[in-house]
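Structural overview
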Amino acid sequence: MNKSVYLDNNATTKVDEKVLEEMLPYLKGEYANPSSMYDFAMKPAKAIVEARARVRDFLGAKNENEVYFTSCGSESANMAIKGSLNCNKSKKHIITTKLEHPCVLNTYKEFEKQGYEVDYIGVNSEGQLDIEELKSKIKKETALVSVMYANNEIGIINPVEDIAEIVKEKSPEALMFVDGVQAGGKIPINVKDTKIDMLGVSGHKFHAPKGVGALYVKPSTHLTPFITGGHQERGLRAGTENVPYIVGMGKAAELAMDNMNYELTEVKRLRDKLETGILKNVFNARLNCSVAERVPNTTNIGFEYVEGELILLHLSDVGICASSG
Ligand code: PLP
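Below or above, wherever it landed, is the structure these notes cover. (Residues numbered from 1 in each chain as written. Predicted model: local features only at pLDDT ≥ 70, side-chain atom pairs only at ≥ 80, totals over all residues. Heavy atoms only, no water.)

**Considerations on the site of the ligand**
Heads up, the condition is: Throughout, near means a residue has at least one heavy atom within 4 Å of the molecule or strand. What qualifies as a polar contact is a pair of N or O atoms within 3.5 Å, subject to a donor-acceptor requirement within protein and to the restriction that residues adjacent in sequence count only when both atoms come from side chains. The residue classification treats Ala, Val, Leu, Ile, Met, Phe, Trp, Tyr, Cys and Pro as nonpolar and Asp, Glu, Lys and Arg as charged. All others, Gly included, are polar.
Near the ligand, the surroundings consist of 13 residues, among which S74, D179, Q182, S202 and K205 are the closest. D179 is positioned such that a nitrogen or oxygen atom in its side chain is 2.6 Å from a nitrogen atom of the ligand. At 2.6 Å from an oxygen atom of the ligand is found a side-chain nitrogen or oxygen belonging to K205. When its residues are assigned to classes, the shell around the ligand shows 4 nonpolar, 7 polar and 2 charged.

**Here we look at the sheet that holds strand β2 (residues 67-70)**
Here is the rule: DSSP calls a pair of strands paired once it identifies at least 2 bridges connecting them. In DSSP terms, a helix is any run of H or I states spanning at least four residues, a strand is any run of E spanning at least two, and both are numbered starting from the N terminus. Angular values range over 0 to 180 degrees, each being the angle between N-to-C directions of two axes fitted as lines to C-alpha atoms, with helices fitted over their stretch in contact. Between two residues, a contact is recorded if the distance between any of their heavy atoms is within 4.5 Å.
Taken in spatial order, the 7 strands of this open sheet run β2-β8-β7-β6-β5-β3-β4, and their pairing is mixed. Where the open sheet ends on each side, the last strands, each with one partner, are β2 and β4 (117-121). When strand polarity is set aside, the average angle formed by the axes of neighbouring strands in this sheet is 20°. As defined by bridge partners, strand β6 (residues 175-179) adjoins strand β7 (residues 198-202) across 3 bridges and the pair is classed as parallel. Paired with F177 across the bridge in β7 is M198. Where helix α2 (residues 42-59) meets the sheet, its contacts fall on β2, β7 and β8 (213-217), and the angle it forms with β2 comes to roughly 110°. Set on the sheet, helix α3 (residues 73-87) makes contact with β2, β3 (93-97), β5 (142-148), β6, β7 and β8; between it and β7 the angle comes to about 160°.

**Some points on the pattern of salt bridges**
Quick reminder of the rule: Only one rule defines a salt bridge in this text: a Lys or Arg side-chain nitrogen within 4 Å of an Asp or Glu carboxyl oxygen. Three labels apply to residues, based on accessible area from a 1.4 Å probe with only protein chains included: buried if under 20% of the type maximum, exposed if over 50%, partly exposed otherwise in between.
Enumeration over the complete set of coordinates arrives at 23 salt bridges. Between R54 and E50 there is a salt bridge, with the nearest N and O atoms lying 3.7 Å from each other. One end of the pair is R54 and the other is E50, both in helix α2 and 4 residues apart, which spans about a single turn. Of the residues examined, R54 reaches a relative accessible area of 13% and is grouped as buried. For the salt bridge of R54 with E254, the shortest nitrogen-to-oxygen distance reads 3.3 Å. On the criterion of sequence distance, the pair formed by R54 in helix α2 and E254 in helix α7 (residues 243-258) is long-range, its members being 200 residues apart. Because the salt bridges share partners, they merge into one network encompassing E22, E50, R54, K251 and E254.

Next comes the structure, spelled out in structure tokens:
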């Protein structure tokens, strides 16, 4: 892999050296259970508190108690969707978009099988959400609206803060979940002054290891526990905390905040340069999603008459890692 070019950072990212460095003590000597009462457990317990505060800042939340650690972005979505719907069984209408990740779509399908009425809002050829359609579907029976912040394949950014306003205006009791997995680390997130009730992120998308995620939950939001058992994560997700990975996610969140300007300027410049070069030099190449706002690291280019998979195989032969979709 010496000469490889890794361009698949929406699939996963490399663990940052600084993240690994902060994690290592908790994989070696500092192995105490953070719930234990003796002194040896104080350091891991404190490390979780610190990581939660870092993720609070990363999400722009008011209070660290609004942050719950999970194992991944999929779990964050499951915890939000299942937890909120199972807490409010009187309302049986839910809304999402056709472009969501399977962790949302397949979870919605489960509720559809249980008799929920589900509206899947469409997008145009640029991937832009039909806000008027969304508006027209919200009603007083709506329990939950789920909209992704940024799309994993074309990078489009949905106006989730405005959508949350619309949701609350049309149905004040409906909850709004945002899958923020592809936004985390790429654009600033600031849930504080928004009407978003829940927002999920995943560590491995911004240089923490695979196996750790987080869910922001607004204090007034009621959820049933995702894993029942002990008191961890304030009773919503039982199980001894994954201290090294939580510490890693906290450090990655801090680094992502420090590097945000680089992401928004330098990464965008490189992405735009690559796009311009391909569009200029490759016959019948076209940019998918050219008018909407996108995360700075993502491009999606269509090549007419050629199968995406064939292109990926050729790219792989010359050491370039990319994805089609
Ligand atoms: N949501 C989006 C938009 C994603 O791109 C992904 C992963 O690719 C997920 C959720 C799931 O995240 P995880 O792999 O951490 O479960």
